[in-house]
Structures are given as C-alpha cells and as structure tokens.
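# Per-entry structural report
Chain by chain, the residues run as shown.
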2 protein chains.
Amino acid sequence: MKNNIYLNLYKDYAEQIDTGVLPPGSKLPSENELAATYQISRETVRKGLNLLAQNGYINKIKGKGSFVLDTGRLKFPISGLVSYKELSERLGKKSRTIVHATERVRAGNDIAKELRIEADQPIWKVIRSREIDGERIILDIDYLLAEVVPELTKEIAADSIYQYLEQELLLKISYAEKVICVERATDLDHQYMELKDDTHVVVVRGYVHLEDTTLFQYTESRHRLDKFQFVDFARRISVTET
Amino acid sequence: MKNNIYLNLYKDYAEQIDTGVLPPGSKLPSENELAATYQISRETVRKGLNLLAQNGYINKIKGKGSFVLDTGRLKFPISGLVSYKELSERLGKKSRTIVHATERVRAGNDIAKELRIEADQPIWKVIRSREIDGERIILDIDYLLAEVVPELTKEIAADSIYQYLEQELLLKISYAEKVICVERATDLDHQYMELKDDTHVVVVRGYVHLEDTTLFQYTESRHRLDKFQFVDFARRISVTET
DNA sequence: AAGTGGTCTAGACCACTTT
DNA sequence: AAGTGGTCTAGACCACTTA
C-alpha cells in the first residue's frame, strides 16, 4: 500500500464509474467537499480528478462542477497502455489465449531494427492468438529483450506477460508508441487466425519503453479486419499560438 | 495574451522539440532551475513538464532529470485532438482540400442517431476530400449541429472549420471520442477517392464535444487502406489494485 | 551529501455559473 | 453573494540517482 492519495481517489471513482455506481451525468462532490471529507488538500483532489478527466471518465465545467461522462456506450477504454488481460477482464468477454511459441532466439535484421538493437542479440519471441467468442481473430507476436527479461515461460505467456514483468521482475513500464495501419495478410496470419478470404489485416505495432526510456519490447498485434476496433479519447489543448 | 504560465512553458518547449532546437536525448534544466529562471513556482513548472510528458515530448526520470524523446521518427502526433489543418501544417506535406459540398440539411435517422438528436433537426453537412502528394486518399464527411453553428461557407470548409469555430464563434471544443474500424467501401468512397480496386476503407468516426459536454459534431474520416496510419502515445498508469 | 523528480499542503486570487 | 473549477505560490518531506 503506497501513499498515493490522488491515485487512490482516481481508482475509487474510476471503479465506481466503470461499475455503474455513478451513472453518466451524475455530479461529483465539489473539490472543496472532497478535500474536506477525505481530509486532503484541494490540489491533491484536483490531481485525481484531472486524471479522471484525461481518461474520459468525467468532464469538469468551471462554475458548475464535475460530471460523469457516458463511457459505457463507447466501450473499450483502450486509450492508454493496458494489457490484453486487463482489458478482457474489464470487458468480461469470453476470451482465450492460445500460446503457439515462447522461445529464446537471436534477433534477425528486421526485428533488430524495430527494437533498435544489433542483430543476433538474444530476444524472446512469443506468438499467441486470441480467441474471442469462439473465433481466433487476433494474432500477437511479441519480441522482448532477453537482457531485460531473462526468463519467460509458456505459462506466463498464457496468463499475462505484463503482470509478470511488473510484479515479478519489478520492471517499470513507462510508455509506449503505437502505430496502426493495414497490411497484406501473411502466411502466419492465415495459419493462426480464421481469416476466411480476407486479403488484409490491421496491424498495431507497439514499442514499449521502461522508465529509463529503454525500448525493451516490440509487439505486432494483427487483427482481422471485421473484428478490429480501436477507441481513442482525446482532449483538446487550445493551441492559439503567438 | 492569457496568464497561463504553464501552458506557455509547454508551448515553448514543444516548439523547441518540434523544430529540433532540442534534439532527442537532450536534458532539460531541472525543475528547480526552471522555477528560478522563469521566476515561477516549481509546481507550475511541473504542470508544464507533465503536459510535455503526457504528449510524448519528454520523459521524466526520478533522480536524473527530464529528457527529450525521439518524436521525429514516429511522426504524426495524432494522439490528441488536432485538426487536419494543424496537422498538415506541422508535417509540411503537399496537401490540398477539395470541398464537394457544404449544405444545410435536416438530419436523417442514421445521422440523428450518431449525433444523439431527433431526426429532421437542421445540421450542416460537409464533404471534403484530402489530396496528399497528388492522390485523393481521404474522404471527410462532417455533420455539425446548426443550432451551435448557425453559418458555414465553402471558404471556411476549404480552410479550417476548427479555426472558425474557435476563433470566430468562440466555441470551446473540449474533447472527442474516436472509433477506428475497417468497413466496406461505399459508392461515395469510390466517387471521391482514388480507390483502385480496394474493397475496404478505414473509417475513423469522431464525436466532438464542447465544454458543457454538448455533442455538436460527428465526423467520418474515411481513408484508403494503404495510406492510413494512426499513431498513439500512451503512458502507463500502474493499476496494482487492492 | 547534493541534486533530481514525486507528492502533498494551506492558502490565495481569478473567472465563471447559480441563486 | 456564494459556490464552482483554474491557476499559482512557497514550502515541506520523500525516494531515487550520482558523486
């Protein structure tokens, strides 16, 4: 249990909104009220509320208050860096992970380039497909630096690699860049997904960094066109320059 | 000129990083230094730096300092709510907008549903294609509440609707939800884009809200598969529950 | 030990909405 | 006038890194 007051506030309200205890449109207590009831300072309350606002949970209106947004309609709060396990648990879908490979190999030229390392460096290669409602519609291929992740097993890959990295190896995952595009389906796609006669797949490339900016993981998440969906929540920063 | 110290700090450094004055890997002055030189408090410095960190400009490391990230390699800082004009200006690509229609109509059932209004309400419908490097690869269809936007012209649509809304109508655009998926190409797609023999297009649906949470704009941005790219920057919030 | 960023406080003033 | 969120301050303590 850490001493992170504003994060606790965030989690409390995020959960209440996720579970529907606080329905869309409800008004949160004012910042002064929250500060008083939680016995914390108002700036700390504001840190928590601002996190909620950034992640699409609430909207703050000057002079009025903070109100719960309608997050349920748009499911999939992917905006953020969330693991597949965390996501499927939140959605409660019937999903299954099939691990096809968990092997320690040496990086080829293409992967070395993506991970920005030299070729022949040892890496972990993990191939998994995700079955949702009985259909294999996602193929995830992960590459992790063996220098950072010395050990990896099929069991970990079947459960959650992120959980292992964070809770066992105590790695601090900091940020990721993702690039989404559409590409021709490969043989591997056909082998591990039920693609019917699709010629293309959506490819989400992920570059995951640690706190010290080390790039330690490159992921290709390949999705069947008709099942792919990505949801983003964005706030506008007014850029009225000069 | 507003009194927004931390936003000024953000813009200053964002520009310096965008233009390469501060190359990737450079170290920013420490928070205490910045507070001293700018004659502001450290918490205010931190607000500016945190904005930079959120938007992928810098990474902050405890005990070490703040460092510029490599934003150039992954261009397209789409993560955020940025208009097409702002984006193309930042990228400096040869692009052109062709306005096909700017008309005041009454909402049909489908659009009324997206905008969450009743059918037959007056709305503006704008159809534009975007030509990049000589090819028409994006089709944007916008629907705006006439109640919020009383007037709209072809000239505005050719330039920037956002600029008009914010600087002329003084509307406060607050946030947007975006949903990305792949769908079958329609006749309209073939009419206004150079689709060759593609059967599908990437569809980015955008729901844009004002400060008071009013949904006032629904946008369909339709992209040719081979030219579509979406880049996202995400920071991890550790969710080590219970 | 000195410097860094992370968290928190108690108070202040402002602009905006409501009564 | 009272209440709301937005900004800013000056100072405190902590955990972490570097020397």
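Refer to the preceding data block for the structure.
Read on for an overview of the structure. (Residues numbered from 1 in each chain as written. Chains lettered and ligands numbered in written order. Predicted model: local features only at pLDDT ≥ 70, side-chain atom pairs only at ≥ 80, totals over all residues. Heavy atoms only, no water.)

### Observations concerning the overall build of chain A
Of regular secondary structure, chain A possesses eight helices and nine strands. Classification of the 242 residues of chain A by burial places 49% in the buried group. Within chain A, counting contacts between residues at least 6 apart in sequence, those at least 24 apart form 58% of the total. Split by element, the accessible area of chain A, about 12,300 Å² in all, is 48% carbon and sulfur. (Helix = DSSP H or I, 4+ residues; strand = E, 2+ residues; numbered from the N terminus. Buried < 20%, exposed > 50% of the residue type's maximum accessible area, 1.4 Å probe, protein only. Contact = heavy atoms within 4.5 Å. Areas by Shrake-Rupley, 256 points an atom, 1.4 Å probe, with all protein chains shown as cover.)

### With respect to the nonpolar core
Of all hydrophobic cores here, the largest spans 43 residues; its most connected members are L115(B), I123(B), L144(B), V149(B), L152(B), L165(B) and F216(B). With 42 residues, the next largest nonpolar core counts L152(A), I161(A), L195(A) and L210(A) among its residues. (Core = buried A, V, L, I, M, F, W, Y, C linked by side-chain atoms within 4.5 Å.)

### Quick word on the sheet that holds strand β6 (residues 173–184) of chain A
Strand order in the open sheet made by the seven strands is β3(A)-β4(A)-β5(A)-β8(A)-β7(A)-β6(A)-β9(B), with antiparallel pairing throughout. Looking at the sheet topology across the chains shown, the edges are occupied by β3 (95–106) of chain A together with β9 (230–235) of chain B. Here the average twist between neighbouring strands, direction ignored, is 15°. In this sheet, strand β5 (residues 135–145) of chain A lies alongside strand β4 (residues 122–132) of chain A in antiparallel orientation, the contact comprising ten bridges. Bridging across to β5(A), W124(A) finds its partner in L144(A). The strands touched by helix α7 (residues 161–168) of chain A within the sheet are β4, β5, β6, β7 (200–210) and β8 (215–224) of chain A, with β6(A) carrying the most contacts at an inclination of about 165°. (Pairing = 2+ DSSP bridges. Axes fitted to C-alpha atoms, helices over the stretch in contact; angles between N-to-C directions.)

### Section: the packing of helix α2 (residues 31–38) of chain A against helix α3 (residues 42–54) of chain A
Residue and element names in this part refer to chain A. Closest axis-to-axis distance for the α2/α3 pair is 9 Å, and the angle between their directions is 115°. Here α2 lies roughly perpendicular to α3, going by the angle between them. The interaxial crossing formed by α2 with α3 has right-handed handedness. Counted together, E31, N32, L34 and A35 of α2 and R42, V45, R46 and L49 of α3 form the full contact between these two elements. Per-class residue counts for the contact of α2 with α3 are four nonpolar, one polar and three charged. (Parallel < 35°, antiparallel > 145°, perpendicular 65-115°, else oblique. Left-handed = near helix turned anticlockwise from the far one by under 90°. Nonpolar A, V, L, I, M, F, W, Y, C, P; charged D, E, K, R; others polar.)

### Points about the pairing of strand β4 (residues 122–132) of chain B
Residue and element names in this part refer to chain B. Burial analysis of β4 places nine of its eleven residues in the buried class, which makes it a mostly covered element. Strand direction decides the pairing type here: strand β3 (residues 95–106) and β4, joined by eleven bridges, are antiparallel. Paired with R96 across the strands is E131, a residue of β4. Taken together, β4 and the strand that follows it, strand β5 (residues 135–145), pair antiparallel across an intervening segment of two residues, in which D133 is found at a positive phi of about 50°.

### Notes on the pattern of salt bridges
Residue and element names in this part refer to chain A. Per the stated rule, a full pass over the model turns up 28 salt bridges over all chains. Between R205 and E183 there is a salt bridge, with the nearest N and O atoms lying 2.8 Å from each other. You can see R205 sitting in strand β7 and its partner E183 sitting in strand β6, a full 22 residues away along the chain. Residues D189 and R222 are paired through a salt bridge, measuring 2.7 Å at the closest nitrogen-oxygen approach. Remark: R222 occurs in strand β8 and D189 occurs in helix α8 (residues 187–192); sequence separation between them is 33 residues. On the accessibility criterion, D189 (0% relative accessible area) is buried. Judged by relative accessible area, R222 falls into the buried class, the value being 5%. Each of E183, D189, R205, E220 and R222 takes part in one network of salt bridges that share partners. (Salt bridge = Lys/Arg side-chain N within 4 Å of Asp/Glu carboxyl O.)

### Some details on α7(A)
Along α7(A), the residues classified as buried are I161(A), Y162(A), Y164(A), L165(A) and E166(A). Of the residues trailing α7(A), L170(A) is marked for its positive phi of about 55°.

### Some details on the environment of I17(B)
Residue and element names in this part refer to chain B. When you line up the elements, I17 lands in helix α1 (residues 5–18). Along the sequence, I17 and I58 sit 41 residues apart, while their C-alpha atoms lie 9.0 Å from each other. Setting aside residues no more than four positions away along its own chain, I17 makes contact with L22, Y57, I58, V68 and T71.

### Description of the side chain of H223(A)
Residues and elements named next belong to chain A. With respect to the secondary-structure elements, H223 resides in strand β8. Classification of H223 by relative accessible area gives buried; the value is 14%. Sequence-distant contacts of H223, that is, excluding residues within four places in its chain, are made with I137, I138, M193, V201, V202, V204 and F228.

Geometric descriptors of this kind do not, in isolation, establish any biological role.
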